[in-house]
Amino acid sequence: MEASPLNAALLLLTLAAEPSGGPRMHRQDAPLPPRPPTDALAAPIRPHALGQNTTLYVNFEGVELTECNPSDSRRDCSWYNFEQPFPPFSGTIQTQVGVLQAMRSDVADYGIRVTAQRPESGNYTMVVYGGTEAEYGALGSAPAGDCDDEVPNQIAFAHLDGELSEWVNGGATTALHEAAHSWGLDHIDAEGSIMFPSGNNSPTYFRDECDLMVEDTDLNPGQASCPEVNMAHCGDSSRQNAAARLTRLFGPAYVDMQAPTVELLEPRDGQYFQAPANFDVVFETNDDQHPQAYSVWAWLGDEPRPADDSVRVDPGFSVTDLPIGTWEFHVVVADEAGNETEVDFTIEVGEDPPPDPATDEGCGCRGGRSPGALGWICVPLALARRRRWG
Ligand SMILES: [Zn+2]
């Protein structure tokens, strides 16, 4: 092949992007400013009981932090990174669910619930998923050294917005890496594991080995944050077993026994449409691990439930060209753990256009008195306000 100037330029670009033949490694942690004295007015802390489940809340929604020490997820305050607000993460909901799924898979053996919905009560670690690597100088940061999770409401940071907003594995690694720092875990010298001091967008995992603690990206050995715990797990104060540490803190696997809640927003149960009917079925879905990839089965009347599900972040779907008739819809939504919720509703499709609500003011229902027949249709006044969903 002839070496043209264009080929040479392309080769240079490739070399610049991948200097060592693989994806560039990024520094996991930004250095923290000096820690101020503990805030005398801090909210009371209920220490985490060893071996009890915890909740890891990934905040994709943006946040404006105020100043406090120690940091407190419940009050949105931190002793650093409070200078400017974090805008909402600009990545797609699919990326967010992908990050959450990868995180759940990484912590599947430990008592850690991962959610992107802020808990209404109880202790939780918050990872603020916002800001860019360029702005903060690294992929993330977190307070360190809390070996027993005595301050269980700390705030960690993952700066994956901007150029890295499509990272899924790297996002999960960073969120877990920083959360684990806030639980007292140190860096180790095992590349490809979550506690390695630098990372990229490759999948990682928590190691179940006694790995040498290192203090920087050059992999120099350092002073372990939790030498006594290391000694108990590894017989060596400078070696850390991440799996043993997480089990000690949070116990065995978090078991999701809670079925999702699924509320029908549109159409209304019993709503009337003119044939052929075209409409979107819209649900409000919630779960202890929301958002996630839900499995959805939908079928009509006395048909058997389909064998195959469709997997989606939003369990809603579109109905097209539904002919005249009374149609009973059955929809089952299952969370990732397989807990199911069923929603049933009925749609009426007839020849006539729906009555104009403006001429039927004050009366939600019209027609005759014979249940089951088309004449007995409840036509809510809100019918005309139906929104379009893209
Ligand atoms: Zn780190």
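Reading guide: rules and limits
- Residue numbering note: each chain is counted from 1, following its sequence as written.
- The predicted nature of this model means local features are confined to residues of pLDDT at least 70 and side-chain atom pairs, given and counted, to a pLDDT of 80 or more, with totals for whole chains, interfaces and linings taken over all residues.
- With hydrogens and water stripped out, all remaining heavy atoms of the structure feed into the side-chain values.
- Starting at the N terminus, helices and strands are each numbered in turn, a helix being any DSSP run of H or I of at least four residues and a strand any DSSP run of E of at least two.
- A simple rule labels every residue: compare its accessible area, found with a 1.4 Å probe on the protein chains alone, to the largest value its type can have, and call it buried under 20%, exposed over 50%, or partly exposed in between.
- A pair of strands counts as paired when DSSP detects no fewer than two bridges linking them.
- Grid spacing is 1 Å over the protein atoms alone, the probe is 1.4 Å, and a cavity is where that probe fits but cannot get out, while a pocket is an open set with protein on both sides within 12 Å along at least five of seven lines and lining residues have an atom within 4 Å of a point.
- Grid points are joined across faces, edges and corners, and a volume is the space filled by probe spheres set on the points.
- Three categories are distinguished: nonpolar for Ala, Val, Leu, Ile, Met, Phe, Trp, Tyr, Cys and Pro, charged for Asp, Glu, Lys and Arg, and polar for the others, with Gly belonging to the last.
- What counts as an axis is a line fitted to C-alpha atoms, over the stretch in contact for a helix, and the angles between N-to-C directions run from 0 to 180 degrees.
- Relative orientations are named as follows: roughly parallel for angles under 35 degrees, roughly antiparallel for angles over 145 degrees, roughly perpendicular for angles from 65 to 115 degrees, and oblique for any other angle.
- Handedness of each helix crossing follows the sense of rotation of the near helix against the far helix: counterclockwise by less than a right angle gives left-handed, clockwise gives right-handed.
- We call two residues in contact when some of their heavy atoms are within 4.5 Å.
- Expected helix span is computed as 1.5 Å times (number of residues minus one).
- Patch rule: a residue counts if its relative accessible area is over 30% and it has no salt bridge; like charges are joined within 9 Å, and nonpolar side chains (Val, Leu, Ile, Met, Phe, Trp, Tyr) within 5 Å.
- Accessibility throughout is a Shrake-Rupley quantity obtained with a 1.4 Å probe, and a residue counts as covered only by protein chains that appear here.
- For salt bridges, the criterion is a side-chain nitrogen of Lys or Arg within 4 Å of an Asp or Glu carboxyl oxygen.
- Charge assignment: positive for Lys and Arg, negative for Asp and Glu; neither His nor the chain ends contribute.
- Taken as the charge location is NZ of Lys, CZ of Arg, CG of Asp or CD of Glu.

Engineer: Honestly, unusual backbone geometry in this entry has me stumped. Any pointers?
Structural biologist: Glycine aside, residues mostly have negative phi angles, and peptide bonds mostly take the trans form. Backbone torsion omega between glutamate 266 and proline 267 reads -10 degrees, so that peptide bond is classified as cis. Cis geometry marks the peptide bond from histidine 290 to proline 291, where omega comes out at -10 degrees. Among the secondary structure elements, proline 291 is positioned in the loop between β15 (277–286) and β16 (294–300). For aspartate 76, which is not a glycine, the phi torsion comes out positive at approximately 55 degrees. Locating aspartate 76 in the fold gives a position in the loop between β3 (66–67) and β4 (77–78). A positive phi angle, close to 50 degrees, is found at aspartate 149, a residue other than glycine. Mapping aspartate 149 onto the fold places it in the loop between β7 (140–141) and β8 (155–158).

Engineer: Would you explain the pairing of β8 in this entry?
Structural biologist: For a regular strand, the rule is simple: side chains alternate between the two faces of the sheet. Burial along β8 is two-sided: the residues Ile155 and Phe157 and Ala156 and Ala158 are all buried. With four bridges joining them, strand β6 (residues 125–129) and β8 adopt parallel strand pairing. Looking at the pairing, methionine 126 lines up with isoleucine 155 of β8.

Engineer: Would you mind going over the layout of surface pockets with me for this structure?
Structural biologist: Empty space among the atoms becomes visible once a probe the size of a water molecule is rolled across them. Its boundaries defined by the atoms lining it, the largest pocket holds a volume of some 290 Å³. In terms of lining residues, the largest pocket is bounded by 19 residues, among which Asp29, Ala144, His181, His187 and Glu215 are the most central. In the lining of the largest pocket, the residues fall into eight nonpolar, six polar and five charged.

Engineer: What am I meant to see in the packing of helix α2 (residues 93–106) against helix α4 (residues 169–182) here?
Structural biologist: Their axes nearest at 8 Å, the elements α2 and α4 cross at an angle of 55 degrees. Judged by the inter-axis angle, α2 sits oblique to α4. The two elements α2 and α4 cross, and the hand of that crossing is right-handed. Contacts from Val99, Ala102, Met103 and Asp106 in α2 reach Asn169, Gly171, Ala172, Ala175 and Leu176 in α4. Class assignment for the residues of the contact of α2 with α4 results in six nonpolar, two polar and one charged.

Engineer: I would appreciate a short explanation of α4 in the present structure.
Structural biologist: In this model, α4 (14 residues) spans 20 Å end to end at C-alpha, consistent with the 20 Å of a helix rising 1.5 Å per residue. Of all the 14 residues making up α4, 13 are buried; the element is thus mostly covered by neighbouring parts of the structure. In the stretch just after α4, glycine 184 is the one whose phi turns positive, near 95 degrees.

Engineer: Explain the pairing of β6 here, please?
Structural biologist: Burial analysis of β6 places five of its five residues in the buried class, which makes it a mostly covered element. Note that strand β2 (residues 54–59) and β6 share four bridges and pair parallel. Residue pairing across strands places valine 58 opposite valine 127, the latter belonging to β6.

Engineer: So what exactly am I meant to see when it comes to a negative patch on the surface here?
Structural biologist: The grouping of Asp269, Asp302, Glu303, Glu328, Glu342 and Asp344 at the surface amounts to a negative patch. Here glutamate 328 lies in strand β19 (residues 325–334).

Engineer: Would you explain the environment of asparagine 169 in this entry?
Structural biologist: Along the chain, asparagine 169 turns up in helix α4. Using a relative accessible area of 27% as the deciding quantity, one classes asparagine 169 as partly exposed. When residues no more than four places from it in sequence are discounted, the contact partners of asparagine 169 are Ala102, Asn201, Ser202 and Pro203.

Engineer: In this structure, what is going on with the environment of alanine 49? I would like to understand it.
Structural biologist: Within the secondary structure, alanine 49 sits in the loop between β1 (26–27) and β2. For alanine 49, a relative accessible area of 36% gives the class partly exposed. Considering only alpha carbons, one finds alanine 49 and leucine 249, 200 residues apart in sequence, at a separation of 7.8 Å.

Engineer: Explain the side chain of serine 73 to me, please; I cannot follow it from the model alone.
Structural biologist: Take serine 73: it is sitting in the loop between β3 and β4. Beyond its immediate stretch of four places on either side in the chain, serine 73 contacts Arg118, Tyr124, Met126, Asn153, Gln154 and Ile155.

Engineer: Which parts of the structure should I look at to understand the pattern of salt bridges?
Structural biologist: Any two side chains of opposite charge can pair if their charged atoms end up close together. According to the stated counting rule, one finds nine salt bridges in the structure shown. Between arginine 118 and aspartate 76 there is a salt bridge, with its nearest N and O atoms 2.8 Å apart. Of the two residues, arginine 118 is situated in the loop between β5 (112–115) and β6 and aspartate 76 in the loop between β3 and β4; the sequence distance between them amounts to 42 residues. With relative accessibility at 19%, the residue aspartate 76 sits in the buried group. Of the charged contacts in the structure, one is a salt bridge between arginine 207 and aspartate 211, with a shortest N-O distance of 2.7 Å. For aspartate 211, a relative accessible area of 5% corresponds to the buried category. Put simply, Asp72, Arg74 and Arg75 are held in one network by salt bridges that share partners.

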